[in-house]
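Below are the chains, spelled out letter by letter.
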Amino acid sequence: MELYVRCVEKVMKRYIQRLQWLLSGSRRLFGAILESKVCILLDMSGSMGPYLPQVKTGLVLLIWEQLRKCCNSFNLLSFADGLQPWQDALVETTDAACHKAMQWVTHLQAQGSTSVLQALLKAFSFHDLEGLYLLTDGKPDTSCSLVLNEVQRLREKRDVKVHTISFNCSDRAAVEFLRKLASLTGGRYHCPAGEDTLVTIHSLLTKGFIEERDPRIALPPFEGDDLRRLAQEITKARSFLWQAQSFRFQLQKKDNMEAKVALL
């Protein structure tokens, strides 16, 4: 039982480290990049204007922190009324390419509508593509069902995962569309954690969250697939730990009682 408790405590610490890792750097906005040949699709419609500085900062981090270190090739494509690809194809991930991509990011502007379907059709044409990361704050300017049907058709020819990232989790219709799009392709839906959530998590972890036995003290709810699943695993492991500690206490109590009887 002592060994089991120590193992669960170790697992809990690993889970917490993973949670902190997912909430830091470029992963907070984009999640973890999973494939080696990817394209990042960026909604630059007018409604993205207020978020543009944050998106640019996150993109620069993404380029150097994940694309440069983890990917063999990549491309960037912004979309609004029309499309603005950084390159005509995926390019090898080198320092020079990353510097050029970073310069391209600085010139991004937000205006126009949300031509998601056009962006997806263009991205699916890139040779050797394995994963798409779609960042948007709303629904497409065409029918959601049309986009889903077209992506299903494209997937019959190309095994490309579409990971979706919502910049506006309060738009429930947009969230539902992005969830369906990710699920349809075997991708992941991600929603960046807000500042309030980060403050809450930091407060919990600095107050000994693992040792806390009050079930009312729990992690905040997460919208995104990766964070939500991890939080569920943490909650489950925490419950197992409480049960094991309680059982251990009962065993120790029984041993102590038996020892006293033996002495008598």
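Residues numbered from 1 in each chain as written. Predicted model: local features only at pLDDT ≥ 70, side-chain atom pairs only at ≥ 80, totals over all residues. Heavy atoms only, no water.

As recorded in an unreviewed UniProt entry, the chain goes by von Willebrand factor A domain containing 3A and comes from Microcebus murinus.

Here the focus is the overall build of the chain. Counting its regular elements, the chain contains nine helices and seven strands. For the chain, the C-alpha radius of gyration of 23 Å lies well beyond 18 Å, the compact-globule estimate for 264 residues. Taken along its principal axes, the extent of the C-alpha atoms in the chain is 90 × 40 × 35 Å. For the chain, the residues scored as buried account for 45% of the 264 residues in total. (Helix = DSSP H or I, 4+ residues; strand = E, 2+ residues; numbered from the N terminus. Rg over C-alpha atoms; globule rule 2.2 N^0.38 Å. Buried < 20%, exposed > 50% of the residue type's maximum accessible area, 1.4 Å probe, protein only.)

We now examine the nonpolar core. Counting 29 residues, the largest nonpolar core has Cys 39, Leu 41, Leu 120, Leu 132 and Leu 181 as the members making the most contacts within it. Elements supplying a minimum of two residues to this core: strand S1 (37-43), strand S2 (73-79), helix H5 (116-124), strand S5 (131-136), helix H6 (144-155) and helix H7 (172-185). In terms of residue count, H5 provides more of this core than any other element does, six residues in total. Dropping the residues within four chain positions of it, Leu 41 is found in contact with Leu 77, Phe 79, Ala 119, Leu 120, Ala 123, Leu 132, Tyr 133, Leu 134 and Leu 135. (Core = buried A, V, L, I, M, F, W, Y, C linked by side-chain atoms within 4.5 Å. Contact = heavy atoms within 4.5 Å.)

The next point concerns the UniProt feature "domain: VWFA" (unreviewed entry) in the chain. According to UniProt, the "domain: VWFA" (unreviewed entry) feature falls on residues 35-203. A distance of 33 Å separates the end C-alpha atoms of residues 35-203, which is 44% helix and 20% strand. (UniProt positions renumbered as here; feature names shortened; annotations may be inferred.)

We now examine the layout of surface pockets. Taken as a whole, the largest pocket encloses approximately 170 Å³ of empty space. Lining of the largest pocket is provided by Met 44, Ser 78, Phe 79, Ala 80, Asp 81, Gly 82, Leu 83, Gln 84, His 107, Leu 108, Gln 109 and Gln 111. Residue assignment for the lining of the largest pocket shows that the elements contributing at least two residues are S2 and strand S3 (83-85). (1 Å grid on protein atoms, 1.4 Å probe; cavity = no way out; pocket = protein on both sides within 12 Å on 5 of 7 lines; lining within 4 Å. Points joined across faces, edges and corners; volume = space filled by probe spheres on them.)

To continue, consider the pairing of S5. With six of its six residues buried, S5 lies for the most part within the structure. Covered by surrounding structure in S5 are Gly 131, Tyr 133 and Leu 135 together with Leu 132, Leu 134 and Thr 136, the residues of both alternating faces. Relative to S5, S1 runs parallel, the two being bridged by five bridges. If you follow Leu 41 over to S5, its bridge partner there is Leu 134. Alignment of S5 against strand S6 (residues 161-166), held across six bridges, turns out to be parallel. Directly across from Tyr 133, in S6, lies its bridge partner His 163. Remark: the S5/H6/S6 crossover connection has right-handed handedness. (Pairing = 2+ DSSP bridges. Right-handed = clockwise from strand over helix to strand, strands pointing away.)

This next bit is on the pairing of S2. Counting buried residues in S2 gives seven out of seven residues, a clear majority hidden from the surface. By the alternation rule, side chains of S2 split into Ser 73, Asn 75, Leu 77 and Phe 79 and Phe 74, Leu 76 and Ser 78, which are all buried. With seven bridges connecting them, S1 and S2 associate as parallel partners. Residue pairing across strands places Leu 41 opposite Leu 77, the latter belonging to S2. With helix H3 (residues 52-70) bridging S1 and its parallel neighbour S2, the resulting β-α-β unit is right-handed.

Inspection of the secondary structure puts Asp 159 in the loop between H6 and S6. There is a polar contact of 2.7 Å between the side chain of Asp 159 and the side chain of Arg 155. (Polar contact = N/O pair within 3.5 Å; in protein donor to acceptor, adjacent residues only side chain to side chain.)

Moving on: the packing of aromatic side chains. Scanning all chains against the criterion turns up two aromatic pairs. Both rings, one in Tyr 51 and one in Phe 167, keep their centres 4.6 Å apart while their planes meet at 35°; by these two values the pair is tilted. With Tyr 51 in the loop between S1 and H3 and Phe 167 in the loop between S6 and H7, this residue pair connects regions lying 116 residues apart in the sequence. Its relative accessible area of 24% is what places Tyr 51 among the partly exposed residues. (Phe/Tyr/Trp six-rings, centres within 6.5 Å; stacked < 30°, edge-to-face > 60°.)

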